[in-house]
Amino acid sequence: MSALSERPESPSIGIARPHEAAAAHVRGTALYTDDLVARTKDVLHAYPVQVPEAHAKVLAIRTEAAEAVPGVVRVLTAADVPGVNDSGVHHDEPLFPSEVMFFGHAVCWVLGETLEAARLGAAAVEVDTEALPSLVTVREAIAAGSFQGEPRVVARGDVDPAMAGSAHVFRGEFDFAGQEHFYLETQCALAHVDESDQVFVQSSTQHPSETQDIVAHVLGKHSHEVTVQSLRMGGGFGGKEWQPHGYAAVAALGATLTGRPVRLRLTRTQDMTMTGKRHGFHAEWSVGFDADGKLQALDVVLTADGGWSLDLSEPVLARALCHVDNAYWIPHVRAMGRIAKTNKTSQTAFRGFGGPQGMLVIEDILGRCAPLLGIDPTEMRRRNFYSEGQETPYGMPVRHPERIHRIWQQLLESGDAERRQAEIAAYNAKHAHSKRGLAITPVKFGISFNLTAFNQAGALVHVYKDGSVLINHGGTEMGQGLHTKMLQVAATALGVPPEKVRLAPTRTDKVPNTSATAASSGADLNGGAVKNACEQIRDRLLSVAAGKLGVPESDVRIVRGAARTPSGEEIGWDELVHAAYFDRVHLSAAGYYRTEGLSWDSATMSGTPFKYFAYGAALAEVEVDDFTGAYRTRRVDIVHDVGDSLSPLIDIGQIEGGFVQGMGWLTLEDLRWDESDRPTRGRLATQAASTYKLPSLSEMPEVFNVTLLTDAAEEGAVYGSKAVGEPPLMLAFAVREALRQAVEAFGEPGHSVDLASPATPEAVFWAIERAVTAAPAVEAAVPDLVGQP
């Protein structure tokens, strides 16, 4: 095993430890960006002027009335920008736009002595507009030919002859919705300028370095004149990877122009109406199977709803195309992707980053086609799993495919699936108005940024004279436990107790040029960098210890807080560090890590974009009521591959949280925009917790069992671990497929159930209505499974 993956004696990793800030969260003492306002003097408050039109040209902005409002200090407009009036790297996101591109687009910002003064000032700003035609839905954009970015194709084999030669061919369409991040802490920033004109921005951002870049180019400054700190976030989920930059830039611009600190925090309604969501998709597909139900060919066109600007839509689409196979071998594939341009918020990163959308397509296909082929869905999925020696459609070898087979079998046995399936059949036979369903689905998710350059990280580690340790790394903490894992990695690499190690907030002047904490790569990348820095210091200390103990350096180990020899002689950590200082040994190190073995050609959509695949599977049981379509999740069993876990308690929490968030996307969270021709066209109708339903305790599985796969150490990853942030979200496909099984039970066997996504109780009700009236399918040459839009 490599030095990166090998675990030393008595490591601090692999131990179930609580989140490093859990007690502070519970006590309410953990500080977030907006909490810092009370500790800052003479703060001004920023408030947006939003235009209630889906698409319009801005003819004039009159600020005189706003400036006369008591407490209003200044109105920020495009004329105030000293640098580039743009908040995105594609230069398609004007910070102060001259064209309104979505309902609620902010065209200027008011600074006030109080938030109320800023609000009243914003209400007094007069904006003249000229209405322009708008596109609100993906289908409208497709019909109008409204696209942005470059279309991409992932292809293998020869699809057309393979489709023609398949024993069974089906085609269909599928529209599925996006998802609101609904982080508890909305977008916020606090900026001030010091006596040397250094701009300091506290931002709730997953990507401090990019926030730094955007703030600098808006202000016309260099990056070394801007420092960004991310103390911690109250949730992010990808919504704070790209979207915080403009808000930080507004705060920084205000601070630069007024000489006073500026605070910007969106209300919940502002956040929901102004920020991007998970991309909704439209899919049109044809699929071919052989006589045994094995996939032969897949031809699919994926259209992502990108909203008004490009944002991260291109890499999101690329990952969707790379995950349309999920865990299944498909000999012939043609997957084309494109990005629709609509008059909605600019859709952005969200946990899974396109992977869930791609996987949902193939899972929906298998769920819809299995009954038409007369094959049990569980068996149909198993028959199509990858095997050793096979590659993905983009040419990456699938390593360890045996793990998905092992997970599958373990889950069927531990979940007692055979017995429960019989019980469900008996229950369904006795109950006319409620039915149960049981389903199991797999996950194969690639880990790494699919832009190779982002797969690098830095760290800065200091050991002080008293033996205490301070670590800085480029990753951000949004509640996922990254800092906890980094504390354990540092303690393991140095051979000291975790109590010796403290972690500093993420800052761009400590670790530069960092990648976003995203793509589930936070622990892999930053863990490698922290380990590298700690090992540099440890190696210097080993030399000092060898001299003090009078033995060769190769005979010394630092473990459990002391340098020890095989014969039992030792020197304590604190004493060793003290001696090293007086020997003039450098006790600080900058660490660096880059993921090896990656290659990706975005033009041909081929190569090895991922370091490895994370595997998992979920077995879910639901019960559905036919009068209302309401359902409950009776039980969920999960077996998931996290390699050799760095921190089991953190990993299990991430699996549980990711699964529930995925269940919300697939079954509850229903984004609705006004598609009418009224003046409110394009308005987000679900802009509060009262209209946008999130999973709560009542939606949690009544029985919820999570097991980490054993004997699964990953070679070439930090201490043999695997990423855990995103893959569990897709385990929730099992709940959707269990709902499909329950709906099918209301009708005659052998019909295909078209289930909307999200499968809300209303959607389930109408699916039941269709199932009750549907006749068993008679297979045509090419059965048409086109569903309801």
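Calculation criteria
Residues numbered from 1 in each chain as written. Predicted model: local features only at pLDDT ≥ 70, side-chain atom pairs only at ≥ 80, totals over all residues. Heavy atoms only, no water. Helix = DSSP H or I, 4+ residues; strand = E, 2+ residues; numbered from the N terminus. Rg over C-alpha atoms; globule rule 2.2 N^0.38 Å. Buried < 20%, exposed > 50% of the residue type's maximum accessible area, 1.4 Å probe, protein only. Contact = heavy atoms within 4.5 Å. Areas by Shrake-Rupley, 256 points an atom, 1.4 Å probe, with all protein chains shown as cover. Lys, Arg positive; Asp, Glu negative; His and termini not counted. Charge placed at Lys NZ, Arg CZ, Asp CG, Glu CD. Pairing = 2+ DSSP bridges. Axes fitted to C-alpha atoms, helices over the stretch in contact; angles between N-to-C directions. Core = buried A, V, L, I, M, F, W, Y, C linked by side-chain atoms within 4.5 Å. Right-handed = clockwise from strand over helix to strand, strands pointing away. Expected span 1.5 Å × (residues − 1). Salt bridge = Lys/Arg side-chain N within 4 Å of Asp/Glu carboxyl O. Phe/Tyr/Trp six-rings, centres within 6.5 Å; stacked < 30°, edge-to-face > 60°. Parallel < 35°, antiparallel > 145°, perpendicular 65-115°, else oblique. Left-handed = near helix turned anticlockwise from the far one by under 90°. Nonpolar A, V, L, I, M, F, W, Y, C, P; charged D, E, K, R; others polar.

## Quick look at the overall build of the protein
So, point 1. When its secondary structure is counted, the protein shows 19 helices and 29 strands.
So, point 2. Over its C-alpha atoms the protein spans a radius of gyration of 27 Å, differing by no more than 12% from the 28 Å that the globule rule assigns to 789 residues.
So, point 3. Dimensions of the protein along its principal axes, counting C-alpha atoms only, are 85 × 80 × 45 Å.
So, point 4. Looking at the protein as a whole, 61% of its 789 residues are labelled buried.
So, point 5. Partitioning the contacts of the protein with sequence separation of at least 6, the portion at a separation of at least 24 is 81%.
So, point 6. Counting every atom, the protein has about 28,500 Å² of accessible surface; 52% of that belongs to carbon and sulfur.
So, point 7. Computed over 70 positive and 98 negative side-chain charges, the separation of the two mean positions in the protein equals 3 Å.

## Quick word on the environment of Gly 374
So, point 1. One can find Gly 374 in the loop between α10 (355-373) and α11 (377-383).
So, point 2. With relative accessibility at 69%, the residue Gly 374 sits in the exposed group.
So, point 3. The spatial distance from the C-alpha of Gly 374 to the C-alpha of Arg 156 is 28 Å, given a sequence separation of 218 residues.

## Here's the deal with the sheet that holds strand β29 (residues 703-708)
So, point 1. Ordered in space as β16-β27-β28-β29, the four strands form an open sheet in which the pairing is mixed. Where the open sheet ends on each side, the last strands, each with one partner, are β16 (434-447) and β29. Strand-to-strand twist across the sheet, computed as the mean angle between neighbouring axes with direction ignored, equals 15°.
So, point 2. As defined by bridge partners, strand β27 (residues 612-625) adjoins strand β28 (residues 631-640) across nine bridges and the pair is classed as antiparallel. Residue pairing in the sheet places Ala 620 in a bridge with Val 636 of β28.
So, point 3. Running over the sheet, helix α13 (residues 417-430) touches β16, β27 and β28 and is turned about 145° from β16.
So, point 4. Helix-sheet contacts for helix α18 (residues 733-744) involve β16, β27 and β28, and the interaxial angle to β16 is about 150°.

## Quick look at the nonpolar core
So, point 1. In terms of nonpolar packing, the biggest core is built from 106 residues, with Val 287, Phe 289, Ile 638 and Phe 659 touching the most fellow members.
So, point 2. Once residues within four sequence positions are removed from consideration, Phe 289 is found in contact with Ser 166, Ala 167, His 168, Phe 170, Lys 294, Leu 295, Gln 296, Leu 366, Cys 369, Leu 373 and Met 380.
So, point 3. Counting residues in hydrophobic clusters, the runner-up holds 53 residues, among them Phe 449, Ala 493, Val 585 and Leu 587.

## Some words on the pairing of β28
So, point 1. With seven of ten residues buried, β28 is to be regarded as a mostly interior element.
So, point 2. Hairpin geometry of β27 and β28 is characterised by an intervening segment of five residues between the two adjacent antiparallel strands and by a positive phi of about 80° at Gly 629.
So, point 3. Bridge analysis of β28 against β29 gives six bridges, and the strand direction is parallel. By the bridge assignment for β29, Val 639 is matched with Thr 707.
So, point 4. Following the backbone out of β28, through helix α17 (residues 648-667) and into the adjacent parallel β29, one traces a crossover that is right-handed.

## What about α18?
So, point 1. Under the 1.5 Å per step criterion, the end-to-end length of α18 is 17 Å for twelve residues, consistent within 8% with the ideal 16 Å.
So, point 2. Counted residue by residue, α18 has twelve buried out of twelve residues, so it is predominantly covered.
So, point 3. Of all the positions in α18, only Phe 733, Ala 734, Val 735, Arg 736, Glu 737, Ala 738, Leu 739, Arg 740, Gln 741, Ala 742, Val 743 and Glu 744 are classed as buried.

## Focus: the side chain of Asp 524
So, point 1. Following the sequence through the fold, Asp 524 ends up in helix α15 (residues 522-549).
So, point 2. Buried Asp 524, no salt bridge; nearest opposite-charge side chain is Lys 485, N-O distance 7.5 Å.

## Overview of unusual backbone geometry
So, point 1. Of note, the amide linkage connecting Ser 757 to Pro 758 takes the cis form, showing an omega dihedral of 10°.
So, point 2. Positionally, Pro 758 belongs in the loop between α18 and α19 (761-773).
So, point 3. Even without being a glycine, Arg 560 presents a positive backbone phi close to 55°.
So, point 4. Structurally, Arg 560 can be placed in the loop between β21 (557-559) and β22 (562-564).
So, point 5. Residue classification places Arg 560 among the partly exposed positions, given a relative accessible area of 48%.

## Some points on the sheet that holds strand β23 (residues 570-572)
So, point 1. In space, the three strands of this open sheet follow the order β21-β22-β23, with antiparallel pairing throughout. At either end of the open sheet lies a strand with only one pairing partner, and these are β21 and β23. Taking each pair of neighbouring strands and ignoring which way they run, the sheet shows an average axis angle of 25°.
So, point 2. Here β22 runs beside β23; their pairing, made up of three bridges, is antiparallel.

## A closer look at the pattern of salt bridges
So, point 1. Taken as a whole, this structure holds 54 salt bridges when the rule is applied.
So, point 2. For the salt bridge of Arg 420 with Asp 637, the shortest nitrogen-to-oxygen distance reads 3.5 Å. Of the two residues, Arg 420 sits in helix α13 while Asp 637 sits in strand β28, which places them 217 residues apart along the sequence. By the burial criterion, Arg 420 is buried, and Asp 637 matches it.
So, point 3. For Lys 722, the salt bridge is made with Asp 641, and the minimal N-O distance between the two is 2.5 Å. Of this pair, Lys 722 sits in the loop between β29 and α18 while Asp 641 sits in the loop between β28 and α17; the two residues are 81 residues apart in sequence, bridging distant segments of the chain. With respect to class, Lys 722 is no different from Asp 641; both count as buried.
So, point 4. Beyond isolated ion pairs, a larger network of salt bridges with shared partners links Arg 420, Arg 436, Glu 621, Glu 623, Arg 632, Arg 634, Arg 635, Asp 637 and Glu 702.

## Some thoughts on helix α14 (residues 482-494)
So, point 1. When the terminal C-alpha atoms of α14 are compared, their 18 Å separation across 13 residues agrees well with the 18 Å that a helix rising 1.5 Å per residue should span.
So, point 2. Most of α14 sits inside the fold, with 13 of its 13 residues counted as buried.

## A closer look at the side chain of Thr 492
So, point 1. Position of Thr 492 among the secondary structure elements: in helix α14.
So, point 2. Judged by relative accessible area, Thr 492 falls into the buried class, the value being 6%.
So, point 3. Ignoring any residue separated from it by four or fewer positions in sequence, one finds Thr 492 in contact with Pro 8, Pro 11, Ser 12, Ile 13 and Tyr 719.

## Overview of the packing of aromatic side chains
So, point 1. Within this structure, the stated rule accounts for 15 aromatic pairs.
So, point 2. With a centroid separation of 6.0 Å and an interplanar angle of 15°, the aromatic rings of Tyr 328 and Phe 385 are classed as stacked. Of this pair, Tyr 328 sits in the loop between α9 (313-322) and β15 (332-340) while Phe 385 sits in the loop between α11 and α12 (402-414), and the two are 57 residues apart along the sequence.
So, point 3. Taking relative accessible area as the criterion, Tyr 328 reaches 0% and is therefore assigned buried.
So, point 4. Plain terms: the ring middles of Tyr 394 and Phe 610 are 6.1 Å apart, the flat faces sit at 85° to each other, and that makes the pair edge-to-face. Linking Tyr 394 in the loop between α11 and α12 with Phe 610 in the loop between β26 (606-608) and β27, this pair joins segments that are 216 residues apart in sequence.
So, point 5. Among the aromatic residues, those joined into a ring-pair cluster are Tyr 394, Trp 600, Phe 610 and Phe 613.

## A word on the packing of helix α6 (residues 208-219) against helix α7 (residues 244-258)
So, point 1. Where α6 contacts α7, the axes come no closer than 9 Å and their chain directions differ by 45°. Of the possible angle classes, the one that applies to α6 and α7 is oblique. With respect to the hand of their crossing, α6 and α7 are arranged in right-handed fashion. Across the interface between the two elements, Glu 210, Thr 211, Ile 214, Val 215, Val 218 and Leu 219 of α6 pack against His 245, Ala 248, Ala 249, Ala 252, Leu 253 and Thr 256 of α7.
So, point 2. Tallied by class, residues from the contact of α6 with α7 come to eight nonpolar, three polar and one charged.

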